[in-house]
Every structure is written in structure tokens, then in C-alpha cells.
Amino acid sequence: MSDCIFCKIASGEINASIVYQDDEVVAFNDLNPQAPTHVLVIPRKHVSRVSELEEADAALAGRLILTANQIVRDLGLVEAGYRLVLNCNEGAGQSVWHVHLHLLGGRTFGWPPG
Ligand code: DGP
């Protein structure tokens, strides 16, 4: 989508601190980190919100989680614990309309989340 900031990051039109990318997904550091490690994992395909993922996107949705898992393994964060978050719609705090998986690590997290 031409006016989507995360599509522009995926295409390289806008700079981001990219930690991983392949044909399907891009992972980059969040501009406003909420933890020592805060990476966003996005599909290259534009999907506005997680509720709009369809059956045909099953492998892609799984790829987001597997990519996050690889990043936390590379960073040595698995044992300490980490959190994966998908905010859907404004009521849950979504502010960018392109599916993104938050990967948060490097500190302890409370429950329930705010
Ligand atoms: P959410 O609130 O779940 O929609 O998360 C959106 C996140 O995206 C938020 O943590 C800040 C981050 N973000 C917004 N704009 C940019 C940007 O231009 N670059 C990067 N790296 N992160 C961004």
C-alpha cells in the first residue's frame, strides 16, 4: 500500500534498523521501544490487522512467530523469557495499520498487560 509506513520500511523507501528480512517477512527495531529488545516482525504483504489474516495466510502468520523465535534465540533471550504481542484495533492499542508482531525482551513483564 502506497501510504503505509511499514510497507515503505519493507520496500526500503523508509529507513529502519532491520534485524532480519527475507522474501516474506521483515523485522526491525521499534522506534519507541518498550523494552531493551523491542523488534517488530511484519509480513511484506500488506494486511491491515491480525483479524484480516485469512486461511491462505496461515503459513505467513506462522512465519511471523518463527522469525521472532529465531531472533530471540540469536539474542540469547529465550531462557529469561520474552513476550510476543499482536495489537488488533485501537481498543487494543494498534496505531499502525499493517500487521506487526511485537517481540519484547530483556526485562520482566507484568500480567495482565495494561
Ligand atoms: P502498535 O501500537 O501495536 O500499532 O505498534 C506500532 C509500533 O510501531 C509502535 O511501537 C511504534 C512503532 N513505529 C511507528 N512508526 C514507526 C517507524 O516509522 N519506524 C519504526 N521503526 N517503528 C515505528
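Criteria and thresholds
Every chain begins its residue count from 1, and numbering advances along the sequence as written. Totals for whole chains, interfaces and linings use every residue, but because this is a predicted model, local features are given only for residues with pLDDT of at least 70 and side-chain atom pairs only at 80 or more, for both listing and counting. Calculated side-chain values reflect all of the structure's heavy atoms, with hydrogen atoms and water omitted. For helices the rule is a DSSP run of H or I covering at least 4 residues; for strands it is a run of E covering at least 2, with both sets numbered from the N terminus onward. Here the expected length of a helix is defined as 1.5 Å per residue gap, with one fewer gap than residues. Residue exposure (1.4 Å probe, protein chains only): buried if accessible area is under 20% of the type maximum, exposed if over 50%, otherwise partly exposed. Any pair of residues with heavy atoms lying within 4.5 Å of one another is described as a contacting pair. Cavities and pockets are found on a 1 Å grid laid over the protein atoms alone: a cavity is a set of points where a 1.4 Å probe fits but cannot escape, a pocket is an open set with protein on both sides within 12 Å along at least five of seven lines, and a lining residue has an atom within 4 Å of such a point. Grid points are joined across faces, edges and corners, and a volume is the space filled by probe spheres set on the points. All residues other than Ala, Val, Leu, Ile, Met, Phe, Trp, Tyr, Cys, Pro, Asp, Glu, Lys and Arg, Gly among them, are scored as polar; the first ten of these are nonpolar and the last four charged.

## Considering helix α2 (residues 58-75)
- Under the 1.5 Å per step criterion, the end-to-end length of α2 is 26 Å for 18 residues, consistent within 8% with the ideal 26 Å.
- Of the positions making up α2, those classed as buried are Leu-60, Leu-64, Thr-67, Ala-68, Asn-69, Ile-71 and Val-72.
- At its buried positions, α2 is contacted by β1 (18-21), β2 (25-29), β3 (37-43), β4 (82-85) and β5 (101-105).

## What to know about the layout of surface pockets
- Taken as a whole, the largest pocket holds about 680 Å³ of empty space.
- What lines the largest pocket is a set of 29 residues, among which Asp-30, Asn-32, His-38, Leu-40 and His-102 lie closest to the centre.
- Secondary-structure elements contributing two or more residues to the lining of the largest pocket are α1 (5-11), β2, β3, β4 and β5.
- It is α1 that contributes the most residues to the lining of the largest pocket, 3 residues altogether.
- Of the residues that constitute the lining of the largest pocket, the class distribution is 14 nonpolar, 12 polar and 3 charged.

## Thoughts on empty space enclosed by the protein
- Scanning the model with the defined rule gives 1 cavity of 30 Å³ or more in all.
- When the residues that make up the lining of the largest cavity are grouped by side-chain class, the tally is 3 nonpolar, 4 polar and 1 charged.

## Quick notes on the environment of Ile-42
- Summarising the element assignment, Ile-42 is placed in strand β3.
- On the accessibility criterion, Ile-42 (0% relative accessible area) is buried.
- Note: C-alpha distance between Ile-42 and Leu-101 (59 residues apart in sequence) is 6.4 Å.
- Once residues within four sequence positions are removed from consideration, Ile-42 is found in contact with Phe-6, Ala-10, Glu-24, Val-25, Val-26, Phe-28, Leu-64, His-98, Val-99 and His-100.

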